[in-house]
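Structural features, examined
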Amino acid sequence: MATSVLSERKVFADRIGRIEVSATMAVAAEAAKLRASGVNLTDFGAGEPHFPTPRHIKDAAIAAIEANFTRYTVVPGIPEVRKAIVERHACDFGSDYSIDEAIFTTGEKQALFNVVQVLVEHGDEVILPAPYWVSFKDIVQYAGGTVVYLETDERESFRVTADAVEALITPKTKAIILNSPSNPDGSVIEAGDLERIVRVAHERGIWLILDECYVYLNYESKPVSAGKFGWAKEHMVVLGSLSKTYSMTGWRAGYALGPKKVIANLSKLQSQSTSNATSFVQKAAVAALAGSQECVNEFRSEFKNLRDHMLMRLKEIPGVTCTVPAGAFYVYPNVGTYIGRGGIKTATELATRMLHEGRVVTVPGEAFGTREHVRLSYPVTRETIDEGVKRMKEFLTAL
C-alpha cells in the first residue's frame, strides 16, 4: 500500500517544468560531444571573448590565494569589491550608489535570477523585448511570472522604443527587462528612448531590470547606463558583469546595483543558496574594476573589427541578410531563405544539420524568440571566421 501511494505522488515540482535547458549550453554540450569523437568544428556558439584574462587581474587572484584569502566572506561581497563596483559605475556613467546598494554575485546570471525571484510573483507580468537572451524568459517563468513579449522589427534593426514599451503596460506589469546592447542581435536602445522608458516605469511604480552585460561594447555611440538617472533609483536594478568586459567568463563575477531594500533581499536569498561568491575572485574583480581600463578599450576595438569582418564575409552567402549590430559581439543573420529546403522546417533543424553536416556551431533563433535566424558569436580569429562562413555557404547552398 505504501509503495502504491509513493508511486502516485508527484516527484518534481511544477516550477521545474516551466523552464528548459539553456539553449546555448545545450549547443555547447552537443559540440563538445562531436569534438570528443574527433570532429573538427568551427565554433560560433560560445558567447565569450577569445582573449585571455588580463595579467593584472590574474595576478591579483594568485596573490589572494598565496595570502590565504580563501575563506568565507560576507554574503554581498567584501566592502572593497563593492566599493570598486560603485566607483567604476559612477566614474563611467555618472551614477551614485553606496556600497550598501551593491552586491557581488557568482556571475550576472545569479544576480538576474535572484532579482526576478525577489520581485516577481505569480500573476505578475514582465515586459521582455524580443529577440531576447535565452535565460530571461525561463527565469521569469520559473518565478511564476507571465512574459509579455515586445516584438521588434528586423527592418528597424530590432530597435526597442519607449512607445512600444508603454503600449504593453497593464495594471499587472511588475517589471520591464532591458538588455542593451542586446544579446543576440546587438541592438542598442537610443538614449532618448531609454530615458523615457525609465521615466514611465518610475512614474508608474514598475521595476526596471537593466542587463548591462555588454554596456561597454557599444560601437556606434558613447555607452549609457540608466543607472545615471538617480531620480528613478527606487524602481531600478542595474545588473553588471565582468565576464565580457574583462574576458572573465569562467571566473563567474557579476553584480547588482539597486535600492538598499532590494540589495538586502538579494543578500538574504543568496545567503540561502551560494553564500558569498568565491573569495579570491572578489580580489580579482577589484583589480579589474579599479585598475587600468586600457584592456577594455583594446577588446572593444578588436571586437568591432571582427564584427565588420564577419559582416563582410556573410554577404558572400546568397540569400542571407543581417542587420549591423551596434554593440555586443554577435551577429544575427536571417537564414529564412534556406528554411524549407532539404526538408528543413525550422531554424533549429537548420542549426542542427549545420552542426553535424556543415561542422559549424551556431545557436538557432527559436532560443531567442525568432524563427528565421541563427546567432553567431564572432570573438574568434579572422581565420576562424573565414573558415566558418565558407563552411556555412557550402552547406546552405547545397540544400
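Attention in this report is confined to the structure presented alongside it. What you see is a predicted model; the values in this text were computed from it and never measured.

**Re the nonpolar core**
Membership of the largest hydrophobic core comes to 84 residues, with the highest contact counts inside it found for Leu178, Leu208, Met236, Leu242, Tyr246, Met310 and Tyr378. No other element matches the eight residues that helix 11 (residues 294-314) contributes to this core. If you look at the next biggest cluster of nonpolar residues, it comprises 39 residues, including Ala31, Trp207, Leu266 and Tyr332.

**With respect to the pairing of strand 6 (residues 207-211)**
Of all five residues that make up strand 6, five are buried, and the element is covered over most of its length. Alternating residues of strand 6 divide into Trp207, Ile209 and Asp211 and Leu208 and Leu210, and every residue in both groups is buried. Of the pairings in the sheet, the one linking strand 5 (residues 173-179) to strand 6 comprises five bridges and is parallel in character. Paired with Leu178 across the strands is Leu210, a residue of strand 6. This β-α-β element, strand 5 to helix 8 (residues 191-204) to strand 6, shows right-handed connectivity.

**Here we look at the packing of helix 5 (residues 108-119) against helix 9 (residues 260-271)**
Each packed pair of helices is defined by two parameters, the angle between the axes and the distance between the axes. In contact at an axis separation of 10 Å, helix 5 and helix 9 are set at 110 degrees when each is read in the N-to-C sense. By the angle between their directions, the pair helix 5 and helix 9 is classed as roughly perpendicular. Residue-level contacts link Gln110, Asn114, Val115, Gln117 and Val118 of helix 5 to Asn265, Leu266, Leu269 and Gln270 of helix 9. A per-class count over the contact of helix 5 with helix 9 returns four nonpolar, five polar and no charged.

**Let's talk about the pattern of salt bridges**
Close approach of charged atoms lets side chains of opposite charge pair. Applying the stated criterion to the full structure yields 23 salt bridges. The partner of Arg88 in a salt bridge is Asp92, and the shortest N-O contact between them spans 3.1 Å. Of the two residues, Arg88 and Asp92 both sit in helix 4 (residues 79-93), four residues apart, roughly one turn of that helix. Look at Asp92 and you get partly exposed, because its relative accessible area is 25%.

**Remarks on a nonpolar patch on the surface**
On the surface, Val11, Phe12 and Ile16 cluster together to form a nonpolar patch covering roughly 360 Å² of accessible area. Among the structural elements, Val11 can be located in the loop between helix 1 (2-8) and helix 2 (23-36). Residue class for Val11 comes out exposed when judged on its relative accessible area of 69%.

**Here's the deal with the packing of aromatic side chains**
Scanning the entire structure with this criterion turns up 13 aromatic pairs. Centre to centre, the rings of Phe158 and Tyr332 are 6.0 Å apart; their planes meet at 65 degrees, and the pair counts as edge-to-face. Taken as a pair, Phe158 in the loop between strand 4 (146-151) and helix 7 (162-167) and Tyr332 in the loop between strand 9 (330-331) and helix 12 (347-356) lie far apart in primary sequence, 174 residues in all. Looking at Phe158, the relative accessible area reads 3%, which means it is buried. A connected cluster of aromatic rings, assembled from ring pairs, spans Phe51, Tyr214, Phe299, Phe303, Phe329 and Tyr330. The lysine or arginine in question, Lys233, covers the ring of Tyr97, its NZ or CZ lying 4.9 Å from the ring centre. The ring of Phe69 has Lys283 lying over it, and the distance from NZ or CZ to the ring centre is 4.8 Å.

Rules of the game
- Residues numbered from 1 in each chain as written.
- Predicted model: local features only at pLDDT ≥ 70, side-chain atom pairs only at ≥ 80, totals over all residues.
- Heavy atoms only, no water.
- Core = buried A, V, L, I, M, F, W, Y, C linked by side-chain atoms within 4.5 Å.
- Buried < 20%, exposed > 50% of the residue type's maximum accessible area, 1.4 Å probe, protein only.
- Helix = DSSP H or I, 4+ residues; strand = E, 2+ residues; numbered from the N terminus.
- Pairing = 2+ DSSP bridges.
- Right-handed = clockwise from strand over helix to strand, strands pointing away.
- Axes fitted to C-alpha atoms, helices over the stretch in contact; angles between N-to-C directions.
- Parallel < 35°, antiparallel > 145°, perpendicular 65-115°, else oblique.
- Contact = heavy atoms within 4.5 Å.
- Nonpolar A, V, L, I, M, F, W, Y, C, P; charged D, E, K, R; others polar.
- Salt bridge = Lys/Arg side-chain N within 4 Å of Asp/Glu carboxyl O.
- Patch = residues over 30% accessible without salt bridge, like charges linked within 9 Å, V, L, I, M, F, W, Y side chains within 5 Å.
- Areas by Shrake-Rupley, 256 points an atom, 1.4 Å probe, with all protein chains shown as cover.
- Phe/Tyr/Trp six-rings, centres within 6.5 Å; stacked < 30°, edge-to-face > 60°.
- Lys NZ or Arg CZ within 6 Å of the ring centre and 35° of its normal.

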